[in-house]
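What follows is the residue order along each chain.
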Amino acid sequence: AVEASIPKPLRETWRKLAATEFKGKEEFQREVVRHVETTLARSMYNCDELGAYSGAALALRDRLVIAWNKTQQQHTFVDSKRVYYLSLEFLMGRTLDNAMLNVGVKQTARDGLDELGFRIEDVIDQEHDAALGNGGLGRLAACFLDSLATLNYPGWGYGLRYRYGIFKQEIIDGHQVEVPDYWLDFNPWEFPRHDIVVDIMFYGYVRKQIEEDGTTRSIWEGGEVVQAVAYDYPIPGFDTENTNNLRLWSSRPASGEFDFQKFNAGDYESAVREQQRAETISAVLYPNDNIDAGKELRLKQQYFWVSASLHDIIRRFKKTHRPWDQFPERVAIQLNDTHPALAIVELQRILIDIEHLSYDKAWGIVTRTFGYTNHTVLPEALEKWSVPLMQHLLPRHMQIIYDINLFFLQGVEKKFPGDRELLMKVSIIEESQPQSIRMAFLAIIGSHKVNGVAELHSDLIRTTIFKDFVTVFGTDKFINITNGVTPRRWLHQANPKLSDLISEKLGGDSFLKDLTLLDGLLEHLDDKQFRKDWMDIKYANKVRLAKYIKETTQIAVNPASLFDIQVKRIHEYKRQQMNIFGIIHRYLTLKAMKPEQRKKAVPRVSIFGGKAAPGYWMAKTIIRLITAVGDVVNCDKDIGDLLKVIFIEDYNVSKAEMIIPASDISEHISTAGTEASGTSNMKFVLNGGLIIGTVDGANVEIVEQIGDEQAFTFGHLAHSVPELRHQHHFAKPKPVLDKCLKAVFDAILKGTFGTPELFEPLINSITEGGDYYLVSDDFQSYIDAQSLVDELYVDKDSWAERSITAVAKMGFFSSDRTIVEYAEQIWNIEPVPVPRQK
Ligand code: F58
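Only a predicted model underlies this, so the values are computations on that prediction, with no experimental measurement involved.

Turning our attention to the UniProt feature "modified residue: N6-(pyridoxal phosphate)lysine" (unreviewed entry) in the protein chain. When the UniProt feature table is mapped to this numbering, "modified residue: N6-(pyridoxal phosphate)lysine" (unreviewed entry) covers K683. Mapped onto the elements, K683 comes out in helix 27 (residues 680-686). A count of 30 C-beta atoms within 10 Å places K683 in the buried class. With residues near it in sequence (within four places) discarded, K683 still touches V485, W490 and I660.

Here you go:
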């Protein structure tokens, strides 16, 4: 606002006094010590690693803020089009290390901390992960923020500031136990904006009002109001001054701290209850991955966040005094899945009820503004809200949804007269008991582009779940944008040794901003020393992981073994059960060998990590089986180092950074057609690990890029899946169970891994329950692929060649490429460079 700005004649004084960034080691140290002593009120007699972390974080933060302010000023000044990425999840992980690398001060900080008596790695380790997400979808949002900032795009993230992120996982007696993750104790990266507050209403009723000009207007009133308060997080780009913003909303009662009237009237308890009710909205992240639970509080979260974000975006737009029809030229909004789909309805409501635009004009603005990304074809994950619930919580929105649907269906009827089946199939309202709102349909109808996240997935949505919409809208609206990952976090930060070696070979670190430059490594493929250095780094990373495993599980694993890793959310479709069955098969095979035969076997460490949704009982059973197998195999004297089975507790982003660089092989073995893309597959290959995987998600494109010599693919293809499922239910006689798999089941049922009753339901889901995820159909080919892995791993030199070749061809999978595609094909935005600080 103009009133808040410093008068022109005084600005020179201001400029002279404005903070500047630290330049060298001494300045950094001075800032660290100053923060420890003054901000934290501690001293050199009371400064542990956490103190050093806090001081270093605050020193760096000061520097980020300068660039951040400048960036926002520049964007306002240039008045460029911005993109707003609406995501209920941002799985950011830690900030300090990433921020130091992005702004290029890590070496300065390392030297500075060293002289103060601290090892930078230990300091970095003090930071709590910001774990505001479940898995792939949330981490993708975080990679996108990094790429948006690095590429100088004016792009903001909008999300919720959960008090509790994804739960911490403890393994107790082999079972998963969930512990709350309170992450806000000391968070130097967030800036509360107590001046940015939005009132959000729920419930109430809608009243019609006749205006003087005879038109009727809908007034939504009488509801319950809560407040959204903004918290901002600076997002620094790599090797650029540009620093974007992530804005997360926190809920609080509209009446301030307390309802003083109630308080004074002696009704203290109900005053507190009201406060808690409001705070509950942003209290906790729903811990489900690929399942829709349909809870009222979740719908409240969605509307709360969407409404606050839209008000904020509109407030910013209005400052430019442009006419409304220019809104889509200034603002692009991307819907990360259907969770923010209510934004379509909310913008329509604001434009017609508050801004008094005509329905048609408003709808034109809405559809030009939004883009929608789909992340799944799994039917159980597609969001639906019950009509009565929506009616009760957001009565005006329900009316508008009916209107959107009516006008849409009228358009369909006009184009396809008399096709009542088509009308039923594309209606936003599903005629279930009670009726429900299909959020994906709403998102498609309200957006100008819909994208899947890998070629195969985008093909599938066009031909299966959204095929009727392709009929209605044509093919151009449905595009593919293959996911990517940020090479800054997933190579440079997670694997500094490999990143340095690559820099040395390519003569600089430009590959971190243009990942396609990695193909320059191919020139050095025959360089013996290079291959050795490459494998030495892999070995060192395995030693680091082995040390961690020893410290946390007391199990010693030999880093010379083949490390086979599957880390991701536990889900039947991701088929960790097939992996553990394969391990049991390996165990039985080794046990049956004579000792001298065994000596020829390739020693393997099978590593798992991942959380099960607290209510997903079958996923928890899979964890139980993994830990039970580990308990037996890991202390079997016949087996020794030939096989170890490890479950790493509480898999999260910071652990991924340590685990991924240590893989020889990683598993991406979902039933074909179920994993939309996968992104950890990209991270593993980028770190020189090969993948064993099905023809699913982005595996397909990875193999296309790196060559099938560099990957171990197996299993049935997506187009055969429906027929195989049909067979399981109807074929007579029933398909016979794979011989090897049968032996595995017999061993489990015999009690080889403890109480068989625990695992019967898992086995039954395959033998009796129709084997929906086709474990029995793919098992033999999985085992064969694993045998090929063993065979090829023996020749370390050719393994090194495969590993280098694969990395060299991974350039396509940078999230920078992904973001440029979004910018050009959906958002229509341009980079806005921020001038460098002198
Ligand atoms: C994931 N989805 C896909 N959803 O499963 C994965 O293949 C893809 O690579 C990734 O998105 C990024 O595109 C996913 O993680 C969720 O976790 C949702 C959380 C909220 C409830 C519904 C599932």
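Inspection of the secondary structure puts H194 in strand 7 (residues 191-202). Here H194 falls in the exposed class, since 8 other C-beta atoms lie within 10 Å of it. Considering only alpha carbons, one finds H194 and C143, 51 residues apart in sequence, at a separation of 28 Å.

Neither face of strand 2 (residues 90-93) is open: one carries F90 and M92, the other L91 and G93, and all of them are buried. Sheet topology places strand 2 next to strand 3 (residues 130-132); 3 bridges connect them, and they run antiparallel. Paired with F90 across the strands is L132, a residue of strand 3.

It is worth spelling out the site of the ligand at this point. Surrounding the ligand, one finds 20 residues, the nearest of these being G136, L137, H375, A676 and S677. Split into classes, the residues belonging to the shell around the ligand amount to 5 nonpolar, 12 polar and 3 charged. Both of domain 1 (79-94 + 129-482) and domain 2 (561-812) provide at least three residues apiece to the shell around the ligand.

Spatially, the 6 strands line up as an open sheet ordered 21-20-19-22-23-24, and their pairing is parallel. Among the strands making up the open sheet, the edge pair consists of strand 21 (643-648) and strand 24 (711-714). Here the average twist between neighbouring strands, direction ignored, is 20°. In this structure, strand 22 (residues 665-668) lies alongside strand 23 (residues 690-694), joined through 4 bridges in parallel fashion.

Okay, helix 21 (residues 496-506) next. One turn of an α-helix holds 3.6 residues; hence residues three or four places apart share an orientation. Residues of helix 21 that are buried: L498, S499 and I502. Projection of helix 21 onto a plane perpendicular to its axis shows the buried side chains occupying an angular sector of 100°, all on one side. On its buried face, helix 21 sits against helix 20 (487-493) and helix 22 (528-553). Immediately beyond the C-terminal end of helix 21, within one or two residues, lies G507, with a positive phi of roughly 70°.

In this section: the sheet that holds strand 7. Taken together, 9 strands build an open sheet; the order of strands is 7-10-11-4-1-12-13-17-18 and the sheet is mixed. Each edge of the sheet is formed by a strand with only one pairing partner; in this case those strands are strand 7 and strand 18 (478-480). Sheet twist, expressed as the mean angle between neighbouring strand axes with direction ignored, is 25°. Two elements, strand 1 (residues 82-86) and strand 4 (residues 155-160), share 4 bridges in a ladder whose sense is parallel.

Between Q433 and P434 the backbone carries a cis peptide bond, its omega angle lying at -5°. Summarising the element assignment, P434 is placed in the loop between strand 15 (429-430) and strand 16 (436-438). In this chain, K732 is followed by P733 through a cis amide linkage whose omega measures -5°. You can see P733 is positioned in the loop between helix 29 (721-730) and helix 30 (739-749). A positive phi angle is found at R575, which is not glycine, with a value near 65°.

This part takes up the domain arrangement of the protein chain. Examined at the domain level, the protein chain breaks down into domain 1 (79-94 + 129-482) and domain 2 (561-812). The gap between the C-alpha centroids of domain 1 and domain 2 is 36 Å. At the interface, 36 residues of domain 1 touch 32 residues of domain 2. Looking at the side of domain 1 that touches domain 2, the elements with two or more residues in it are strand 2, helix 7 (136-150), strand 5 (168-172), strand 6 (175-179) and helix 18 (455-463). Residue classes in the side of domain 1 that touches domain 2 are distributed as 13 nonpolar, 15 polar and 8 charged.

Across the two faces of strand 13 (residues 370-373) the burial is the same, with F370 and Y372 and G371 and T373 all buried. The pairing of strand 12 (residues 331-336) with strand 13 spans 4 bridges and is classified as parallel. Looking at strand 13, one finds that N336 is bridged to T373. Where strand 13 meets strand 17 (residues 449-452), 3 bridges bridge the pair, whose relative direction is parallel. Opposite G371, over in strand 17, you have K449 as the bridge partner.

Rules behind the numbers
- Residues numbered from 1 in each chain as written.
- Predicted model: local features only at pLDDT ≥ 70, side-chain atom pairs only at ≥ 80, totals over all residues.
- UniProt positions renumbered as here; feature names shortened; annotations may be inferred.
- Helix = DSSP H or I, 4+ residues; strand = E, 2+ residues; numbered from the N terminus.
- Buried ≥ 20, exposed ≤ 12 C-beta atoms within 10 Å, placed from the backbone.
- Contact = placed C-beta atoms within 7 Å.
- Pairing = 2+ DSSP bridges.
- Near = placed C-beta within 6 Å.
- Nonpolar A, V, L, I, M, F, W, Y, C, P; charged D, E, K, R; others polar.
- Domains from an automatic or database assignment.
- Axes fitted to C-alpha atoms, helices over the stretch in contact; angles between N-to-C directions.
- Arc of directions from axis to C-beta.

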